[in-house]
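Letter by letter, the chains look like this.
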Amino acid sequence: MKNLTGPLLACTAALALASGAHAQERPLRLDESAVGEIDPAKGTDYADTVLAVNLYEGLVYPQKGGAGVQPWLAASWEIDGLEYTFTLRDGATFASGNPVTAEDVVYSFNRLMALGQGASSLFQGRVASVEAVDEKTVKFTLDGPFAPFLGATARLWVVDSKLVQEHQGEGSFGEFGDYASDWLSANSAGSGAYEVSEHDPQIETVMVPNPNYGGEAVDPAAPDEVTYRYSLEASTVRALMARGEHDISSLWLPPEVYKAMAEEGTVHLELEPGATGEYIKLNTARAPLDDVHCRRALMYAYDYQTTLQLLTVTEDAKQGIPMNAALPQGLLGSDVDAPAFAQDMDKAKAELAECQYDPAEYPLDIAWIAEVPARERLALLMQATFSQLGFKVNVIRTPWALVSEQVTKPETAPHAVEIAVSALTPDPDSLLFNMYSSTVPPTWMSAEHLEDAEVDELLTQGRTETDEAKRAEIYRELNLRLRDLAPDIFAYEFTGVYAVRNGVEVPNLSNADSRYPLSSYSMLFKDMQIND
């Protein structure tokens, strides 16, 4: 019953909001499929990141219109061997009015690592110490060379330590209690351009401007209230959009819904590329997919061409492009010259002949995320294709909240599930380490449950090698190893498509020079324009 009530409540909430429950002069209403996690030390998926970049600030931010990072909460930094020293910008202030200090950075880092969730794996075992040199200066000392560190600080969301400590509950972290985990799962304590006014992770998050924001300029036409709605049905989004009661769709609607809304003349389409792969994650710890030959058989049998056809919205808007390995284009070590994957049933059957299992005796469970209707088609496509190899294929509609829980354990994870994974920072380590390292506690990103000593070694080399050319070669070698192991079917490289109501503009998407290279980072509400 729980899984059925979420979407129902979300739709009810959407209709209530549409009737003016939160009427403002310049409201922005958008939706997402995932449950919103607003604790910055816990969130990892797309919706979580959109929330984080608007409620909190990291020390750096992906470079607008290019590669690398730019100053954000930190005005500047110096690197001296293993020491990274950041100077915070003048005037940085939390929504509470408290100034942002180096002590807040230290507290936020310690909290992240103590909780061991979110982006903690980006730093795990790499930072020997972090100290506040003075009020505006914080120094990280690494325990060895770690090339991804600077980029990783884009995910170190800084919290208001004074405010947070006022809301600590009982817990297992000594003097820090529960590190205010309960409170921060319902409230915000950041220096971002917005703050939370209401939050229900099953229905919506409502945000209003941070009156003390001191970061990059806010557009004069930026929204004065943002409602982030969860798990709306495609038909509900289309109906609300047609009535002018919704402003930006999620990225997960079926192509024909985007096309229909565009043809109705009420919306325009915006594209968001951003280092995101669409991975059919194969459970390498569950028979028959614990046999590499069986995984390769599925990889060769997959119908890549039909997949890309299903992703076409219009001639100029497509939800995917071909993928040739684990790394999306634009990340260090990606190989633009490698051939894209193509279906080859002869190779699939040859690999299956080498598999120790009889496909007739091992039905495959393929889950698809209920909040993303378009993925049912790919699940059904796999069912039709893999059946040709002799497998009985069960297609299972599963809510994201349940999928993300199931895949953390090999025994409960399905044989295959399509999950979009984006690089968390401008560095390939932030994508591949979380997906494939056997040393990382399992999450939805690592639903493959891969354990391979060579992969672990290459991932370690990629983290410790500071020469960029050598790092690129390491990741190219890792790409080849992953192609050979087939822990995933590398289905396509995701390109997000938003339906944006006419009268609303998202310059970070419409202007290539203003676009941030990573998925979700362009969705800064402060830069959007409500022009009607």
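With that settled, the discussion passes to helix α12 (residues 374–387). If you check α12, its first and last C-alpha atoms are 21 Å apart, about what 14 residues at 1.5 Å a residue would give, namely 20 Å. For α12, the complete set of buried residues consists of A374, R375, L378, A379, L381, M382, T385 and F386. Viewed end-on, α12 has its buried residues packed into an arc of 155 degrees, placing them on one side of the element.

This brings us to the packing of helix α15 (residues 453–464) against helix α16 (residues 468–485). Contact geometry of α15 with α16 gives a least axis separation of 9 Å together with a crossing angle of 160 degrees. By the criterion of interaxial angle, the relationship of α15 to α16 is roughly antiparallel. As α15 packs across α16, the resulting crossing turns out to be left-handed. Residues E454, V455, L458, L459, Q461, G462 and R463 of α15 form the contact with α16, whose own contacting residues are R471, I474, Y475, E477, L478, R481, L482 and L485. Among the residues forming the contact of α15 with α16, the class breakdown is eight nonpolar, two polar and five charged.

Now for the sheet that holds strand β6 (residues 127–134). Taking strand neighbours across the sheet as the criterion, the four strands line up as β4-β5-β7-β6 in an open arrangement whose pairing is antiparallel. Taken across any chain shown, the strands that pair with only one partner, and hence form the sheet edges, are β4 (74–80) and β6. Direction aside, neighbouring strands of the sheet carry axes that sit 20 degrees apart on average. In the sheet, β6 pairs with strand β7 (residues 137–142) via six bridges, with the strands oriented antiparallel. Counted as the bridge partner of D134 is T137 from β7. Set on the sheet, helix α3 (residues 102–115) makes contact with β5 (83–88), β6 and β7; between it and β6 the angle comes to about 160 degrees.

Turning to empty space enclosed by the protein, a few remarks are in order. Overall, the coordinates contain seven cavities of 30 Å³ or more when judged by the stated rule. In this structure, the largest cavity encloses a volume near 320 Å³. Forming the boundary of the largest cavity are 27 residues, of which D45, Y46, W252, A420 and W444 lie nearest the centre. At the level of elements, α2 (46–55) and β18 (416–422) are the ones that each hand at least two residues to the lining of the largest cavity. Among the elements that line the lining of the largest cavity, the one with the most residues is β18, at four residues. Residue composition of the lining of the largest cavity, by class: 16 nonpolar, seven polar and four charged. A volume near 130 Å³ is recorded for the second largest cavity. Along the walls of the second largest cavity sit 16 residues, with L311, Q319, A374, R375 and Y492 positioned nearest its centre. Among the secondary structure elements, those contributing two or more residues to the lining of the second largest cavity are α12 and β19 (488–494). With four residues, α12 is the largest single contributor of residues to the lining of the second largest cavity.

A few words now on the nonpolar core. Of all hydrophobic cores here, the largest spans 153 residues; its most connected members are F86, F140 and Y436. In this structure, Y436 is in contact with Y279, A326, E448, L450, V455, D456, L459, L482, P487, D488 and F490, ignoring residues within four places of it in sequence. Counting residues in each nonpolar core, the second largest holds 14 residues, with A234, L253, M261 and V313 among its members.

Scanning the model with the defined rule gives 25 salt bridges in all. Its salt-bridge partner being D247, residue R29 comes within 2.9 Å of it at the nearest N-O pair. With R29 in strand β1 (residues 27–32) and D247 in the loop between α7 (234–242) and α8 (255–264), this residue pair connects regions lying 218 residues apart in the sequence. In this structure, E351 engages R296 in a salt bridge whose closest nitrogen and oxygen atoms are separated by 3.8 Å. Here R296 lies in helix α9 (residues 292–301) and E351 lies in helix α11 (residues 345–354), a separation of 55 residues in the sequence.

It is worth spelling out the packing of helix α14 (residues 429–436) against α15 at this point. α15 packs onto α14 with a crossing angle of 150 degrees between their chain directions and a minimal axis gap of 11 Å. Between α14 and α15, the interaxial angle falls into the category roughly antiparallel. Handedness of the crossing formed by α14 with α15: left-handed. Along the contact surface, α14 presents D429, L432, F433 and Y436, while α15 presents V455, D456, L459 and R463. Grouping the constituent residues of the contact of α14 with α15 by class yields five nonpolar, no polar and three charged.

It is worth spelling out unusual backbone geometry at this point. Between A287 and P288 the backbone carries a cis peptide bond, its omega angle lying at 10 degrees. The phi dihedral of Y179 is positive, around 55 degrees, even though this residue is not glycine. Among the secondary structure elements, Y179 is positioned in the loop between α5 (161–165) and α6 (181–184). Phi is positive for A275, close to 50 degrees, though the residue is something other than glycine. Here A275 lies in the loop between β11 (267–272) and β12 (276–282).

Taken together, the six strands give an open sheet; going across it, the order is β15-β19-β12-β18-β16-β17, and neighbouring strands pair in mixed fashion. Edge strands, defined here as strands with exactly one partner in the open sheet, are β15 (320–321) and β17 (393–398). Where strand β16 (residues 364–369) and β18 come together, two bridges link them in parallel fashion. By the bridge assignment for β18, I366 is matched with A416. On top of the sheet, α9 reaches β12, β16 and β19; it is set at about 35 degrees to β19, its chief contact. Against the sheet, α12 makes contact with β12, β16, β17, β18 and β19, and its axis sits at roughly 165 degrees relative to β16, the strand it touches most.

This next bit is on the pairing of β4. Note that β4 and β5 share six bridges and pair antiparallel. Following the sheet pairing, I79 is matched in β5 by Y84. Counting the residues in the hairpin turn of β4 and β5 gives two residues, including G81, whose phi is positive at 65 degrees.

Another aspect to go through is α11. For α11, the set of buried residues is M345, A348, E351 and L352. For α11, the angular spread of the buried residues around the axis is 120 degrees, confining them to a single face. Within α11, the exposed residues directed more than 90 degrees away from the buried face are D346, A353 and E354. Looking at the buried residues of α11, the elements they touch are α9 and α12. Put simply, D344 is the residue that caps the front of α11, since its side-chain oxygen is 3.2 Å from the backbone nitrogen of D346.

What counts, and at which threshold
- Residues numbered from 1 in each chain as written.
- Predicted model: local features only at pLDDT ≥ 70, side-chain atom pairs only at ≥ 80, totals over all residues.
- Heavy atoms only, no water.
- Helix = DSSP H or I, 4+ residues; strand = E, 2+ residues; numbered from the N terminus.
- Expected span 1.5 Å × (residues − 1).
- Buried < 20%, exposed > 50% of the residue type's maximum accessible area, 1.4 Å probe, protein only.
- Arc of directions from axis to C-beta.
- Axes fitted to C-alpha atoms, helices over the stretch in contact; angles between N-to-C directions.
- Parallel < 35°, antiparallel > 145°, perpendicular 65-115°, else oblique.
- Left-handed = near helix turned anticlockwise from the far one by under 90°.
- Contact = heavy atoms within 4.5 Å.
- Nonpolar A, V, L, I, M, F, W, Y, C, P; charged D, E, K, R; others polar.
- Pairing = 2+ DSSP bridges.
- 1 Å grid on protein atoms, 1.4 Å probe; cavity = no way out; pocket = protein on both sides within 12 Å on 5 of 7 lines; lining within 4 Å.
- Points joined across faces, edges and corners; volume = space filled by probe spheres on them.
- Core = buried A, V, L, I, M, F, W, Y, C linked by side-chain atoms within 4.5 Å.
- Salt bridge = Lys/Arg side-chain N within 4 Å of Asp/Glu carboxyl O.
- Polar contact = N/O pair within 3.5 Å; in protein donor to acceptor, adjacent residues only side chain to side chain.

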